[in-house]
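What follows is the residue order along each chain.
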Amino acid sequence: MTLAMALFVSLGIVVAEAKTFTWASSLDVLSMDPYSTNNSFTNAFMNNIYEGLVRFDEKVRIEPALAESWQSVSPTVWRFKLRHSVKFHNGEPFTADDVVFSWQRIQTPGSIAKLNLGDVKDVRKVDAYTVDVETKAPFPLLLNELLNLTIMSKAWCEANGATEASDLQQKKENHANRNTNGTGPFVLKSREIDVKTVLTANPTWWDKPKHNLTEVIYTPIKSDATRTSSLLSGALDATTSVPLQDVQRINSSGNFSVVQGPELRTIFFGMDQYRDELLYSDVKGKNPFKDVRVRKALYQAIDVEAIKRSVMRGVSWPAGMILSPALNGAPTGLNNRAYPFDPEAAKKLLAEAGYPNGFTVGMQCPNDRYVYDEQICLAVISMLGRVGIKITPQFEPAAKWNVRLNQQDVSLYMIGHAGLPMADSYAILFDTVGTRTQSAGGLNAGRYSNPAFDALLPKIGSELDPEKRRALIAEAVTITRNDVVYIPLHQQPITWAAKKGVDLKQAPDNYLRTWLVTVN
Amino acid sequence: MLRFLSTRLWNGALVMIGVSFVSFLLFNYVGDPVNNLVGESATVEQREAVRQSLGLDQPLVVRFVRYLGLAVRGDFGISYRNLEPVGRVLLSRVPATLELSLCAALLALCLGIPMGVYAGIRRNAWPAQVLQVVSLIGISVPSFVTGILLILTFSVELNWLPAYGRGTTVSLGGWTTGFLTASGLKSLVMPSITLALFQMTLFMRLVRSEMLEVLRTDYIKFARARGIAERSIYFRHALRNTLIPVITVAGLQLGALIAFSIITETVFQWPGLGLLIIQAITFGDMPVMAAYLILIALLFVTINTVVDMLYFQVDPRVRLK
């Protein structure tokens, strides 16, 4: 022991100094129970503590995590070899039993995370370090879906009466709602809701850490101005969800810089294409949006470049389809604008469709959901005004706007989709374009319905060959472009800021992966 | 006195039931918590299942009666936002808000009343004029502007005070206090000023105008004629008679400080009730909203009852009636 110490000193090896990383965003983590919600910020944060069989790197590519390797046994059965010598934070070893247990726990009534695992049929133990995952049908996205099955400890959950997910119906709190025991890069040290959550680096983590942190302090700060000010005052090392108007100020401060990149989220406008009489409109007895010429006229009346210039302060990525080109399977060749900005052509189309003087319609926009959502809508209102379409604005907080979307109480509405948590193209097409039924088209508030499109969905959902799958997705996207199902605007920016010398490894899914952060 | 009190309590109970029902009605308009729980990709079926499990598909009246039944027994349900018992969530936020409101109220009363007395007595002196002008600013500038200006000056530029939070707190038998640590006290400064500013100027202006009014009355003139010392006239006779409206307003304002510190708490990320309710509203966290509104109604009813009883002490005429 003394000898070893002497050796250390003589070789000049210095124990790394403690590095604390303090960061803020606008929301707090909802629960420490990874199965109790499906809130994307919570999911992202919980990956510090709990890990799945696979994980995303900063380019949202799948890499092995608790599983070392996998192979397909049959079209519906995948075999996963688990990593040996992984330990939970309390020192228990990780085995196949924990995987099977986690699968069972995520099926319990209170679990909301199970919504993301709809294609998995069963998880079976083969031996202590091997599990088989069976899907309901051949399913190409199993790995992406398994990102959501974070592994909890069987023994720990049983010892603490937390074998079921936190359940709002139970009216009592679950042990796992405040306490954690994962395998991840960080260990929960303390948590005060809406004040701060403190994590310390896991000294026995199985992976070689890319981060150099010893402690992570997360503080939610709701007010944008306060968050930016706190950063500039030096109290924080980094903030996410930086308002665009603060970018200039942060960059000119000298000690801080902004990191920006395109988010996976695409923002677009939807139109009611179902009702026989449009809501909130002066057109009676018919629905102009059922006519593709009218939809195309709106498309051509909106200048996405002008929105980028004057609303988004130059940081948006104008889009030609409703899915980000960075998503898995996205047909990148179809991201050019399908029709050019041309108000004259728009007026002509409206006249052809029987509305030479335009018409009046309501526009439903959230005002606290997307980057500059309200401002974008205001800009679009003035653009549409130039071709004769008068808008009655209906701008609301997201909590209200969501209700409208769910009840299809819409006429012309803004919406966005990021294809998360799987970061794949399929979810967007399935949610927003697939015919709205009890089990599909959950976000298709305009209720567009096209059998040819619907026929493509199961094919995309089960095609195992990536190239064939990409071709099918391209076919589906082409339908949405030709039919002007939606009017895509852009990918919005992710805006983070940090002290100089802090590398945040920004990812397009807007998840801050603390285990990749380095502080100098 | 007893009869007076029992009428008050009866009125109070009616107010409470009324408030809780109205607040329940309002929940129909604040949005849907289901979306925040299930995420954007959920299907209609999945949303409905969650809605049903929360009992949100039931008619409003059924939900209200069920809620009231449980609430009477002290069970306010589970917060949708962080899955904790609502009672515990609310109680854990009370110390932060009470400490902040207390500091703000003391600041407002201890500065506002003397300033008002001064401005009333020496109304033509230039400091009194300055106070009048400054108080106009205090009354008209919204508190988020004051808060942000303070943050920019004292956190960003001078780096003297923290921009957010309560600093280090000490737990004394379930009550977390910021009074016992240096960082806790430093954190209190800016939020207290921000919250107190409006009330302070309000008290100042109120006391000033009441003083002016009272100083014009006959009994003051007679007191002067009898040769009573000025000091005694101002503080024993005049000030005491200005206090009735001041107590009324101060009582209501104390309630307002606690209930409506929402903006100040949001600006400074002060983990009190105000921040809690604004987050509950954005999330659609109905159990927390309902319990909060009942708590606030209770607070106002209590304060007003106490204020009415204070009249008894201060104004003999109330007793005679």
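Nothing here was measured: the structure is a model prediction, and the numbers come from that model.

A. Looking closely at the overall build of chain A. Counting its regular elements, chain A contains 15 helices and 19 strands. For 520 residues, the compact-globule estimate of 2.2 N^0.38 gives 24 Å, and the C-alpha radius of gyration of chain A, at 25 Å, lies within 12% of that figure. In terms of principal-axis extent, the alpha carbons of chain A reach across some 90 × 55 × 45 Å. Going through the 520 residues of chain A one by one, you find that 60% of them count as buried. Carbon and sulfur atoms form 53% of the exposed surface of chain A, whose accessible area is close to 19,800 Å².

B. Main features of the pattern of salt bridges. Residue and element names in this part refer to chain A. The final tally for this structure, using the stated rule, is 33 salt bridges over all chains. Asp-424 is the salt-bridge partner of Arg-469, the closest N and O atoms lying 2.9 Å from each other. Placement of Arg-469 in helix α15 (residues 466–482) and of Asp-424 in the loop between β16 (412–417) and α13 (425–432) is noted, with a sequence separation of 45 residues between them. For Arg-513, the salt bridge goes to Asp-509, with nearest N and O atoms at 2.7 Å. Here Arg-513 falls in the buried class, since its relative accessible area comes to 4%. Connected via shared salt-bridge partners are Lys-121, Asp-122, Arg-124 and Glu-134.

C. View of the interface of chain B and chain A. Residue-level contacts link 48 residues of chain B with 56 residues of chain A. Summed over both partners, the interface of chain B with chain A buries about 4,400 Å², with 56% contributed by carbon and sulfur atoms. Of all residues in chain B, the largest losses of buried area upon contact with chain A belong to Glu-40, Leu-83 and Tyr-164 of chain B, amounting jointly to 17% of the total for that side. Where chain B meets chain A, there are three salt bridges. Note that Arg-178 of chain A and Glu-84 of chain B form a salt bridge whose closest N and O atoms lie 2.8 Å from each other. On the surface where chain B and chain A come into contact, there are 13 residue pairs in polar contact (both at pLDDT 80 or more). Of all the secondary structure elements, the ones that give two or more residues to the side of chain B that touches chain A are α2 (33–38), α3 (44–53), α5 (86–121), α7 (143–157), α11 (262–267) and α12 (273–283) of chain B.

D. Highlighting empty space enclosed by the protein. All names here are of chain A. Under the definition given, this model contains three cavities of 30 Å³ or more. Space inside the largest cavity adds up to approximately 350 Å³. Along the wall of the largest cavity there are 26 residues; nearest its centre are Asn-43, Asn-47, Leu-147, Asn-148 and Thr-150. Breaking the lining of the largest cavity down by element, the ones donating at least two residues are α2 (40–46) and β2 (54–56). Split into classes, the residues belonging to the lining of the largest cavity amount to 14 nonpolar, eight polar and four charged. By volume, the second largest cavity is sized at about 60 Å³.

E. Highlighting the packing of aromatic side chains. Residues and elements named next belong to chain A. Here the structure, examined in full by the defined rule, presents 15 aromatic pairs over all chains. With a centroid separation of 4.6 Å and 55° between ring planes, the pair formed by Trp-23 and Tyr-218 is classed as tilted. Of the two residues, Trp-23 is situated in strand β1 (residues 20–25) and Tyr-218 in strand β10 (residues 215–220); the sequence distance between them amounts to 195 residues. Members of the aromatic cluster, joined through ring pairs, are Trp-23, Phe-41, Phe-45 and Tyr-218.

F. Inspection of the confidence of the model for chain A at higher detail. On average, residues of chain A score 92 in pLDDT, and 96% of them are at 70 or above. Low pLDDT, under 50, characterises residues 1–15 of chain A; the stretch is placed with one contact to residues that sit more than four places away or in other chains.

G. Spatial organisation of the state of the cysteines. For the structure shown, the criterion picks out one disulfide over all chains. Cys-365 of chain A shares a disulfide with Cys-377 of chain A; S-S distance 1.9 Å. The sign of the S-S torsion, about -85°, decides the handedness of the disulfide formed by Cys-365 of chain A and Cys-377 of chain A: left-handed. Residue Cys-365 of chain A is found in strand β14 (residues 360–366), and its partner Cys-377 of chain A is found in helix α11 (residues 373–385); the two are separated by twelve residues along the sequence. Of the two residues, Cys-365 of chain A and Cys-377 of chain A, both sit in the buried class. With no disulfide of its own, Cys-110 of chain B has Cys-103 of chain B as its nearest cysteine by sulfur position, at a separation of 11 Å. Take Cys-110 of chain B: its relative accessible area is 51%, and that puts it in the exposed class.

H. Spotlight on the packing of helix α9 (residues 304–311) of chain A against α11 of chain A. Residue and element names in this part refer to chain A. Where α9 meets α11, the closest approach of the two axes is 11 Å, and the angle between their N-to-C directions is 135°. Here α9 lies oblique to α11, going by the angle between them. In this structure, α9 crosses over α11, and the sense of that crossing is right-handed. Along the contact surface, α9 presents Ala-306, Ile-307 and Val-311, while α11 presents Gln-375, Ile-376, Ala-379, Val-380 and Met-383. Among the residues making up the contact of α9 with α11, the classes are represented as seven nonpolar, one polar and no charged.

About the cut-offs
- Residues numbered from 1 in each chain as written.
- Chains lettered and ligands numbered in written order.
- Predicted model: local features only at pLDDT ≥ 70, side-chain atom pairs only at ≥ 80, totals over all residues.
- Heavy atoms only, no water.
- Helix = DSSP H or I, 4+ residues; strand = E, 2+ residues; numbered from the N terminus.
- Rg over C-alpha atoms; globule rule 2.2 N^0.38 Å.
- Buried < 20%, exposed > 50% of the residue type's maximum accessible area, 1.4 Å probe, protein only.
- Areas by Shrake-Rupley, 256 points an atom, 1.4 Å probe, with all protein chains shown as cover.
- Salt bridge = Lys/Arg side-chain N within 4 Å of Asp/Glu carboxyl O.
- Contact = heavy atoms within 4.5 Å.
- Buried area = accessible area lost by both parts, 1.4 Å probe.
- Polar contact = N/O pair within 3.5 Å; in protein donor to acceptor, adjacent residues only side chain to side chain.
- 1 Å grid on protein atoms, 1.4 Å probe; cavity = no way out; pocket = protein on both sides within 12 Å on 5 of 7 lines; lining within 4 Å.
- Points joined across faces, edges and corners; volume = space filled by probe spheres on them.
- Nonpolar A, V, L, I, M, F, W, Y, C, P; charged D, E, K, R; others polar.
- Phe/Tyr/Trp six-rings, centres within 6.5 Å; stacked < 30°, edge-to-face > 60°.
- pLDDT = per-residue confidence, 0-100.
- Disulfide = S-S within 2.5 Å.
- Axes fitted to C-alpha atoms, helices over the stretch in contact; angles between N-to-C directions.
- Parallel < 35°, antiparallel > 145°, perpendicular 65-115°, else oblique.
- Left-handed = near helix turned anticlockwise from the far one by under 90°.

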